[in-house]
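Residues per chain, in single letters:
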Amino acid sequence: MRNPERRRPLLSEGDAVGVVAPGFAVRKRALAGGMEALRRMGFRPIPGPHLYDRQDNLAGRDADRAADLEAMLRDRAVRGIWFARGGFGTARILGRIPWADVAGERKVLVGYSDLTALFAAAGRTRWVCLHGPVVSELGDPSRFHAGSLRALLDGDAIEMGIGARNVLRGGRAAG
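Attention in this report is confined to the structure presented alongside it. Bear in mind the structure is a predicted one, so any value in this text is a computation, not a measurement.

### Some words on the overall build of the protein
Along the backbone of the protein there are seven helices and five strands. Taken from N to C terminus, the helices and strands of the protein fall in the order β-α-β-α-β-α-α-β-α-β-α-α. Taken over the C-alpha trace, the protein has a radius of gyration of 17 Å; the compact-globule value for 175 residues is 16 Å, and the two agree within 12%. Based on the C-alpha atoms only, the size of the protein along its principal axes is roughly 45 × 35 × 35 Å. Counting across all 175 residues of the protein, residues that qualify as buried make up 45%. Within the protein, residue pairs in contact and separated by at least 24 positions form 73% of the contacts whose partners lie at least 6 positions apart. Accessible area of the protein: about 10,000 Å², with a carbon and sulfur share of 50%.

This is how it looks when you write it as structure tokens:
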């Protein structure tokens, strides 16, 4: 019997996942471990052409970072975009994204930190935005909870307990 709390998977084994760095420059060793972790998870990581670029502390020029993101958003074969790392820089490229052209394709976007600016702008899209570990953290299992990440990607419901001392107002909620 199908679990009523199970939804369709967000990403499935074999899916192509774009990897881009719209903010800070990547650390190559950490990124290599994360790319391998994506492969072990069953995904096909597709690096953006400018993923390893560097200009000061950013992952290359604004135009190139925006072009990598736009290319992954447009590519119908890419089911998700997993960001290489957070940090400053993403907000600088938001004005370069042709929202009307890329908003209609369903994509799963995973990251946090500076990616919050992109996720906030995604309200007018069909994207599913997940605050989760960036690729440069995936190679270090101590940086995230693998079981809940996998369950989320598989479409399984996740229950989280909140201790009584942390409750500001009692009740029930779902999200």
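Anyway, onward from the coordinates.
### As for the nonpolar core
Side chains that are nonpolar tend, in soluble globular proteins, to be buried together. Counting 23 residues, the largest nonpolar core has Val19, Leu31, Leu38 and Trp82 as the members making the most contacts within it. For this core, the elements supplying multiple residues, two or more each, are strand 1 (16–20), helix 1 (28–40), strand 4 (108–111), helix 6 (135–138) and helix 7 (146–154). The element contributing the most residues to this core is helix 1, with four residues. Apart from residues lying up to four places away in sequence, Leu31 is in contact with Val19, Val26, Leu51, Tyr52, Ala84, Val135 and Ser136. Grouped together as the second largest cluster of nonpolar side chains are 20 residues, Leu73, Ile81, Val102 and Trp127 included.

### Things to note about the pairing of strand 1
Most of strand 1 sits out of view: five of its five residues are buried. The alternating pattern of strand 1 places Ala16, Gly18 and Val20 and Val17 and Val19 on opposite faces, both of which are buried. Where strand 1 meets strand 2 (residues 44–47), four bridges bridge the pair, whose relative direction is parallel. Along strand 2, the bridge assignment pairs Gly18 with Ile46. Across five bridges, strand 1 lies against strand 3 (residues 78–83) in parallel orientation. The residue of strand 3 that forms the bridge with Gly18 is Ile81.

### Description of helix 2 (residues 62–74)
A rise of 1.5 Å per residue sets the reference length of helix 2, with its 13 residues, at 18 Å; its end C-alpha atoms lie 18 Å apart and thus fit the reference within 8%. Taken together, the buried positions of helix 2 are Asp62, Asp64, Arg65, Ala66, Asp68, Leu69, Met72 and Leu73. Turning to helix 2, the residues buried within the fold contact strand 1, strand 2, strand 3, helix 3 (90–93), helix 4 (99–102) and helix 5 (115–121).

### Some remarks on the environment of Ile162
Within the element layout of this structure, Ile162 appears in the segment after helix 7. Residue Ile162 is classed as exposed on the basis of its relative accessible area of 64%. In this structure the C-alpha to C-alpha distance between Ile162 and Ala91, which are 71 residues apart in sequence, comes to 33 Å.

### A look at the pattern of salt bridges
Per the counting criterion, the structure on display carries 10 salt bridges. Salt-bridge contacts for Arg74 lead to Asp101; the nearest nitrogen and oxygen are separated by 3.3 Å. In this pair, Arg74 is assigned in helix 2 and Asp101 in helix 4, connecting sequence segments 27 residues apart. Arg143 serves as the salt-bridge partner of Glu137, at 2.8 Å between the closest nitrogen and oxygen. When its relative accessible area of 6% is taken as the criterion, Glu137 is described as buried. Judged by relative accessible area, which is 48%, Arg143 ranks as partly exposed.

Cut-offs used in this document
- Residues numbered from 1 in each chain as written.
- Predicted model: local features only at pLDDT ≥ 70, side-chain atom pairs only at ≥ 80, totals over all residues.
- Heavy atoms only, no water.
- Helix = DSSP H or I, 4+ residues; strand = E, 2+ residues; numbered from the N terminus.
- Rg over C-alpha atoms; globule rule 2.2 N^0.38 Å.
- Buried < 20%, exposed > 50% of the residue type's maximum accessible area, 1.4 Å probe, protein only.
- Contact = heavy atoms within 4.5 Å.
- Areas by Shrake-Rupley, 256 points an atom, 1.4 Å probe, with all protein chains shown as cover.
- Core = buried A, V, L, I, M, F, W, Y, C linked by side-chain atoms within 4.5 Å.
- Pairing = 2+ DSSP bridges.
- Expected span 1.5 Å × (residues − 1).
- Salt bridge = Lys/Arg side-chain N within 4 Å of Asp/Glu carboxyl O.

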